[in-house]
Amino acid sequence: MKLTREPMIAYFSMEIGIQSSIPTYSGGLGVLAGDTIKSGADLNLPMVAVTLLSEKGYFRQELDEKGRQTEHPVVWEPAKFMTLLSPKVSVEIEGRKVLIQTWYYTVKSFTGGQVPVFFLDTDIKENAPEDRELTSFLYGKDLVYRLKQEIILGIGGARMLKKLGFEIKKYHLNEGHASLLTLELLQTFQKPIEEVWDEKLVWDVSRVKDLCVFTTHTPVEAGHDRFSYDLVRQILGEPVPFDILKGLAGQEALNMTLLALNLSEFVNGVAKKHGEVSRNMFPGYKISAITNGVHSYTWTCESFKKLYDKYLPGWANEPELFVRIGRVPDEEIWEAHMEAKKILLGYVRETTGVEMSPDLLTLGFARRATAYKRADLLFSDLERLKAIGTGKIQIIYAGKAHPNDQPGKALIERIFYFKEKLKDHIQLVYLANYNMELALKLVSGVDVWLNTPLRPREASGTSGMKAAHNGVVNFSVLDGWWIEGHIEGYTGWAIGPNPTETKLVEGYDTRDAEDLYNKLEQVIIPIYYKEKGIWIRMMQNAIGKNAYYFNTHRMMRRYVTEAYIR
Ligand SMILES: *Cc1c(COP(=O)(O)O)cnc(C)c1O
């Protein structure tokens, strides 16, 4: 490994999704982390990343004929992709010493830039059997397991970087999971008592703050990790006196978000609206907004890559070139799209046996199956949907439910139930095991990308940005990134009212469903079948206005100038 003396930006994330065959991610957060690192490499940023090995992955999803989900460990061999390094560090958990080793992977860019990624691993024979499992399952088991994992990530990760000789100029905490690293820094910078007068200064909070950048991703209160101080005492001990810790992380329980907020100089939400929601949730903190993006090269399908190479050479490292998409002939855009659509429909045939038509308007919906995403909004009125869509639309779903999310699992079963109800009228398939590879097929192969979250719970959302990179238009609730990317009838269509409310209001579902049906019937279906020229213009606008902006190159330039070098 080439070590550098240059001070680095250290990016910490519980999950990182680089490619489908390295299954150390569950969804949006991990994929964003992977895309961030890839753009970091393309832009030659001095950056390293730290995550957990997740040796059994998140899980492989199997669905039976009723849509009941079973979870299987993912079998993969880290040694096929990465190298095990010899240095080890340790952390203390429940009074035991837990050894940590690390796997090393490099994200290499065609520009020559590279970002080392360290996958922490406790499966070492000197460790107690239960500790050897601490880096096996991403978001597995219970709260105790989670706290132990967060000790490995935050404290173990910081120690590993030090052991490997990196000098760090900024620690970027991608979500609160890595917040415990702030305690490690506080301890490192602890000054001898004689040097200071004020006891508080023994813990050099401002020095830690200067080093930390925190990105929050969760607009839902329950989404923030919280641990009781009894549990913290039992598992972690008292690395920082509890009276000081409580001042930084909350009096009642250790709130990982609060800890990161209090110890990071720069804090941001992941879309403008999410910044606003976060400021309401945490009054008194300065919270900026840097809207997410996706890595353009990763999220463009083969046929569109060829098209962009031909007409917009250099696009992959300069997505701003999408501004000239109007130069690409309509027929070639349509051909590239049909190529992607046929690949998706071929996959549908192979995996489900269902034959779908390339000539039918195809709606796609794929995301984590959890209640607020409202995957079933489309089926609010089956008779209406049949009347509008019979012979005109077909629908493709995908998405995993977290193993402990019972309502999420029930939601998948409901979609299967609707699939049966609709089968003589509208074809619907639910594809199993949504992952990055399937995501690219879906976001490029459907005609319209549907998203129906309950406002304001979609912090950003990124799959719609992926769709835009492939000329697929968005039809979504005005929440997260779509508030910024949406121009009605130009880049896509909105579902439901303008996003003025930050609080949830009763009656959303019917209002949103009504709007969804009306637009599908009166606007989207007519344009698709009768106004191909307008349709292709909208595909171009998705690329020229949405993909142009909602990419991680733009996002990283902002992190650099606003968070990393300040
Ligand atoms: C992009 C992606 C996501 C996140 O999409 P959202 O729109 O934020 O829900 C989740 N899972 C996979 C596999 C992805 O590729």
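Above this text sits the structure in question.
These numbers come from a predicted model, not from an experiment. (Residues numbered from 1 in each chain as written. Predicted model: local features only at pLDDT ≥ 70, side-chain atom pairs only at ≥ 80, totals over all residues. Heavy atoms only, no water.)

Here's the deal with the overall build of the protein
Stage number 1. Summing up its helical and strand segments, the protein has 20 helices and 20 strands in all.
Stage number 2. Against the globule reference of 24 Å for 566 residues, the protein gives a C-alpha radius of gyration of 24 Å, in line with a compact fold.
Stage number 3. Dimensions of the protein, computed from C-alpha atoms along their principal axes, come out at roughly 80 × 45 × 45 Å.
Stage number 4. When each of the 566 residues of the protein is scored for burial, the buried share is 61%.
Stage number 5. Considering only residue pairs separated by 6 or more positions, the protein has 72% of its internal contacts joining residues 24 or more positions apart.
Stage number 6. When the accessible area of the protein is evaluated, it comes to approximately 22100 Å², of which 51% is carbon and sulfur surface. (Helix = DSSP H or I, 4+ residues; strand = E, 2+ residues; numbered from the N terminus. Rg over C-alpha atoms; globule rule 2.2 N^0.38 Å. Buried < 20%, exposed > 50% of the residue type's maximum accessible area, 1.4 Å probe, protein only. Contact = heavy atoms within 4.5 Å. Areas by Shrake-Rupley, 256 points an atom, 1.4 Å probe, with all protein chains shown as cover.)

With respect to unusual backbone geometry
Stage number 1. Residue Pro 456 follows Arg 455 across a cis peptide bond; omega there is -5°.
Stage number 2. Residue position: Pro 456 is located in the loop between strand 18 (448-451) and helix 16 (463-469).
Stage number 3. At Lys 141, a residue that is not glycine, the phi angle is positive and equals roughly 50°.
Stage number 4. Position of Lys 141 relative to the elements: it lies in the loop between helix 3 (129-132) and helix 4 (143-163).
Stage number 5. Among the residues examined, Lys 141 registers a relative accessible area of 48% and is labelled partly exposed.

Focus: the layout of surface pockets
Stage number 1. Taken as a whole, the second largest pocket holds about 610 Å³ of empty space.
Stage number 2. Lining of the second largest pocket is provided by 28 residues; of these, Tyr 297, Thr 298, Trp 299, Lys 305 and Leu 440 occupy positions nearest its centre.
Stage number 3. When residues of the lining of the second largest pocket are traced back to their parent elements, those giving at least two are helix 1 (28-42), strand 7 (96-108), helix 11 (302-311), helix 12 (330-352) and helix 15 (436-445).
Stage number 4. For the lining of the second largest pocket, the element with the most residues is helix 15, which contributes 5 residues.
Stage number 5. Its residues placed into classes, the lining of the second largest pocket shows 12 nonpolar, 8 polar and 8 charged.
Stage number 6. Here the lining of the second largest pocket spans two domains, and each of domain 1 (8-60 + 69-264) and domain 2 (302-551) adds at least three residues to it. (1 Å grid on protein atoms, 1.4 Å probe; cavity = no way out; pocket = protein on both sides within 12 Å on 5 of 7 lines; lining within 4 Å. Points joined across faces, edges and corners; volume = space filled by probe spheres on them. Nonpolar A, V, L, I, M, F, W, Y, C, P; charged D, E, K, R; others polar. Domains from an automatic or database assignment.)

Comments concerning the site of the ligand
Stage number 1. Surveying the vicinity of the ligand reveals 14 residues, the closest of which are Lys 373, Ala 439, Thr 462, Ser 463 and Lys 466.
Stage number 2. With respect to the ligand, the side chain of Ser 463 contributes an N or O atom lying 2.5 Å from an oxygen atom.
Stage number 3. Protein contact buries 94% of the 390 Å² of open area that the ligand shows by itself.
Stage number 4. Counting residues per element, the ones that place at least two in the shell around the ligand are helix 1, helix 15 and helix 16.
Stage number 5. A class-by-class count of the residues in the shell around the ligand yields 5 nonpolar, 6 polar and 3 charged. (Near = heavy atom within 4 Å. Polar contact = N/O pair within 3.5 Å; in protein donor to acceptor, adjacent residues only side chain to side chain.)

Considerations on the packing of aromatic side chains
Stage number 1. Evaluation of the coordinates by the stated rule reveals 26 aromatic pairs.
Stage number 2. Seen from their ring centres, Tyr 308 and Trp 315 are 5.1 Å apart, and the 65° between their planes marks the pair as edge-to-face.
Stage number 3. On the accessibility criterion, Trp 315 (1% relative accessible area) is buried.
Stage number 4. Here the aromatic rings of Trp 493 and Trp 535 are separated by 5.7 Å at their centres, their planes lie at 40°, and the arrangement is tilted. Taken as a pair, Trp 493 in strand 20 (residues 492-495) and Trp 535 in helix 19 (residues 532-547) lie far apart in primary sequence, 42 residues in all. Like Trp 493, the residue Trp 535 is buried in the burial classification. (Phe/Tyr/Trp six-rings, centres within 6.5 Å; stacked < 30°, edge-to-face > 60°.)

Concerning the packing of helix 13 (residues 382-389) against helix 18 (residues 508-530)
Stage number 1. Between helix 13 and helix 18, the shortest axis-to-axis distance is 10 Å and the interhelical angle comes to 5°. Judged by the angle between their axes, helix 13 and helix 18 are roughly parallel. Here Arg 384, Leu 385 and Ile 388 of helix 13 lie close against helix 18, whose contacting residues are Glu 514, Tyr 517, Asn 518, Leu 520, Glu 521 and Ile 525.
Stage number 2. Among the residues forming the contact of helix 13 with helix 18, the class breakdown is 5 nonpolar, 1 polar and 3 charged. (Axes fitted to C-alpha atoms, helices over the stretch in contact; angles between N-to-C directions. Parallel < 35°, antiparallel > 145°, perpendicular 65-115°, else oblique.)

Comments concerning the pattern of salt bridges
Stage number 1. In this structure the tally under the stated criterion is 34 salt bridges.
Stage number 2. Its salt-bridge partner being Arg 233, residue Glu 238 comes within 3.4 Å of it at the nearest N-O pair.
Stage number 3. Classification of Arg 233 by relative accessible area gives partly exposed; the value is 45%.
Stage number 4. The shortest N-O distance in the salt bridge between Asp 330 and Arg 537 comes to 3.5 Å. Separated by 207 residues along the polypeptide, Asp 330 in helix 12 and Arg 537 in helix 19 bring together distant segments of the chain.
Stage number 5. In this structure Arg 537 comes out as partly exposed when scored by relative accessible area, which is 40%.
Stage number 6. One salt-bridge network, in which partners are shared between bridges, spans Glu 94, Arg 96, Glu 130, Asp 131 and Lys 148. (Salt bridge = Lys/Arg side-chain N within 4 Å of Asp/Glu carboxyl O.)

Some words on helix 7 (residues 229-236)
Stage number 1. Within helix 7 the residues assigned to the buried category are Tyr 229, Leu 231, Val 232, Ile 235 and Leu 236. Taken end-on, helix 7 shows its buried residues confined to a sector of 150°, consistent with a single buried face.
Stage number 2. On its buried face, helix 7 is in contact with strand 6 (89-93), helix 4, helix 5 (181-188), strand 11 (226-228), helix 8 (242-249) and strand 12 (253-255).
Stage number 3. Remark: Gly 237 follows helix 7 within two positions and exhibits a positive phi of approximately 80°. (Arc of directions from axis to C-beta.)

Quick notes on empty space enclosed by the protein
Stage number 1. As enumerated under the stated definition, the model contains 2 cavities of 30 Å³ or more in all.
Stage number 2. Each pocket or cavity is described by its volume, and for the largest cavity that value is around 60 Å³.
Stage number 3. Lining the largest cavity are 13 residues, and of these Phe 365, Arg 367, Ala 369, Ala 375 and Tyr 430 lie nearest its centre.
Stage number 4. When residues of the lining of the largest cavity are traced back to their parent elements, those giving at least two are strand 16 (393-398) and helix 14 (406-422).
Stage number 5. Counting residues per element, the lining of the largest cavity draws most heavily on helix 14, at 3 residues.
Stage number 6. Of the residues in the lining of the largest cavity, the class split is 9 nonpolar, 1 polar and 3 charged.
Stage number 7. Of the pockets and cavities examined, the second largest cavity occupies roughly 40 Å³.
Stage number 8. Every residue lining the second largest cavity is listed: Tyr 11, Leu 32, Thr 36, His 172, Asn 174, Thr 215, Asn 292, Met 555 and Tyr 559.
Stage number 9. Counting only elements with at least two residues in the lining of the second largest cavity, the list comes to helix 1, strand 9 (168-174) and helix 20 (552-564).
Stage number 10. Here the residues of the lining of the second largest cavity sort into 4 nonpolar, 5 polar and no charged.

None of the figures reported here should be taken as evidence of function without further support.
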